[in-house]
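Listed below are the residues making up each chain.
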Amino acid sequence: MSAHAFGLLGAALSMSIAWPQVYLSCVRRRTGGLSPAACLLAVAMPAGWLTYGLLIGDRIQVVSAVLNVTAGLAVLAALLVTQAAVRSLRVLRAGAGVAGAVLLAVCAAATAAALPQVTAAHAGAMLGAVLPVGSLMSALPQPLALLRDRACDVSGLSPARFRLAVASATSWLLYGIATGQAAVGASALVSLVSALTVCLALAARRPAAAYPEIAPPQWRASVVTRSLAVTGI
């Protein structure tokens, strides 16, 4: 498979990756287990990759990033609407540090590209050196939240989203290797490890609702009662 095919596959998966979570959070209004920091970064990081794609002229990056920004904003809005505790300044400040740093790097790259002595490609290369670090940081909050609190509610996490994330990250990793884009490859590798960790955590700890308690048939209780009466117990 060619590098272009890996890129197209990665873009297709990236464009669909967040929508199971959007449906779960925005339509069914289930946000339990979502990390506020991860949701903030789910907006900042696609914005970074959107800028990177525009600077280096990579349409595949641009298309997938636009949809991911839209999906990230939808999930973040659902989280803020459904969980009042998340709307506190303390919680938002705790998760906004890395997201703010990524957005600052985006603004710096866009400003540099406007300078006559800096080409868009050079500005994109500078931003590409920062984004893998942001990807590393953005990949940590969600798996860490699950590992820190093993009893937390995970009903708001979509398993389909993280399975698609594994496939998407694998495709982008191969695309980055094939095209020599170290920023893309490094970011995809981190995302792959993070998505696999969440998938394993969800598989080991599914919501209790997934395993409904089965009540014994009524006839069984009546048979036991009659048997005890016959034996004189």
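It should be emphasised that the depicted structure is a prediction, and the values quoted were computed from it without experimental measurement.

### Some thoughts on the overall build of the chain
- Scanning the chain for helices and strands turns up 10 helices and 0 strands.
- Starting at the N terminus, the α and β elements of the chain follow one another as α-α-α-α-α-α-α-α-α-α.
- Residue pairs at least 24 apart in sequence account for 79% of intrachain contacts in the chain once pairs closer than 6 positions are excluded.

### Things to note about the UniProt feature "transmembrane region" (unreviewed entry) in the chain
- Listed under "transmembrane region" (unreviewed entry) in the UniProt record, and renumbered for this structure, are residues 6-26, 38-56, 62-82, 94-115 and 184-204.
- Within residues 6-26, the helical portion is 95% and the strand portion 0%, while the C-alpha atoms at the span's ends are 31 Å from each other.
- Between the end C-alpha atoms of residues 184-204 the distance is 30 Å, and the span holds 100% helix and 0% strand.

### Some details on a nonpolar patch on the surface
- On the surface, Val 133, Leu 136, Met 137, Leu 140, Leu 144 and Leu 147 cluster together to form a nonpolar patch covering roughly 470 Å² of accessible area.
- Where the nonpolar patch is concerned, the elements lending two or more residues are helix H6 (120-139) and helix H7 (141-148).
- Of the residues forming the nonpolar patch, the biggest block, 3 residues, is contributed by H6.
- Within the fold, Val 133 resides in helix H6.

### What about the side chain of Gln 181?
- Take Gln 181: it is sitting in the loop between helix H8 (159-179) and helix H9 (182-204).
- The class for Gln 181 is buried, based on a relative accessible area of 16%.
- The residues touching Gln 181, leaving out its near neighbours within four places in the chain, are Tyr 52, Ile 56, Asp 58, Tyr 175 and Gly 176.

### Focus: the nonpolar core
- Core analysis: the biggest nonpolar cluster contains 51 residues, and Trp 49, Tyr 52, Leu 127, Leu 131, Leu 146, Leu 157 and Trp 172 have the highest contact counts within it.
- For this core, the secondary-structure elements that each account for two or more residues are helix H1 (3-17), helix H3 (36-56), helix H4 (59-82), helix H5 (89-113), H6, H8 and H9.
- In terms of residues, this core owes the most to one element, H3, which gives 9 residues.

### What to know about the environment of Leu 202
- Counting through the fold element by element, Leu 202 comes out in helix H9.
- On a C-alpha basis, the gap between Leu 202 and Val 154 in space is 7.5 Å, while along the polypeptide they are 48 residues apart.
- Discounting residues that sit within four places of it in the chain, Leu 202 has contacts with Val 154, Leu 157, Pro 159 and Phe 162.

Thresholds, definitions, all that
- As a convention, each chain's residues are numbered from 1 in the sequence order in which they are written.
- For a predicted model such as this one, the threshold for reporting local features is a pLDDT of at least 70, and the threshold for listing and counting side-chain atom pairs is 80 or more; totals across whole chains, interfaces and linings nevertheless cover every residue.
- Where side-chain values are given, they derive from all heavy atoms of the structure, hydrogens and water being excluded.
- Starting at the N terminus, helices and strands are each numbered in turn, a helix being any DSSP run of H or I of at least four residues and a strand any DSSP run of E of at least two.
- By definition, residues are in contact when any of their heavy atoms lie within 4.5 Å.
- UniProt positions are given in the numbering used here, feature names are shortened, and annotations may be inferred rather than shown by experiment.
- Residues enter patches when they are more than 30% accessible in relative terms and free of salt bridges; like-charged ones are connected within 9 Å and nonpolar ones (Val, Leu, Ile, Met, Phe, Trp, Tyr) within 5 Å.
- Areas reported as accessible are Shrake-Rupley estimates using a 1.4 Å probe. Residue values count occlusion only from the protein chains shown.
- Just to be clear on terms, a salt bridge is a Lys or Arg side-chain nitrogen sitting within 4 Å of an Asp or Glu carboxyl oxygen.
- When accessible area is computed with a 1.4 Å probe and restricted to protein chains, residues below 20% of their type maximum are described as buried, those above 50% as exposed, and intermediate ones as partly exposed.
- For the purposes of this section, nonpolar cores are sets of buried Ala, Val, Leu, Ile, Met, Phe, Trp, Tyr and Cys residues that join through side-chain atoms within 4.5 Å.

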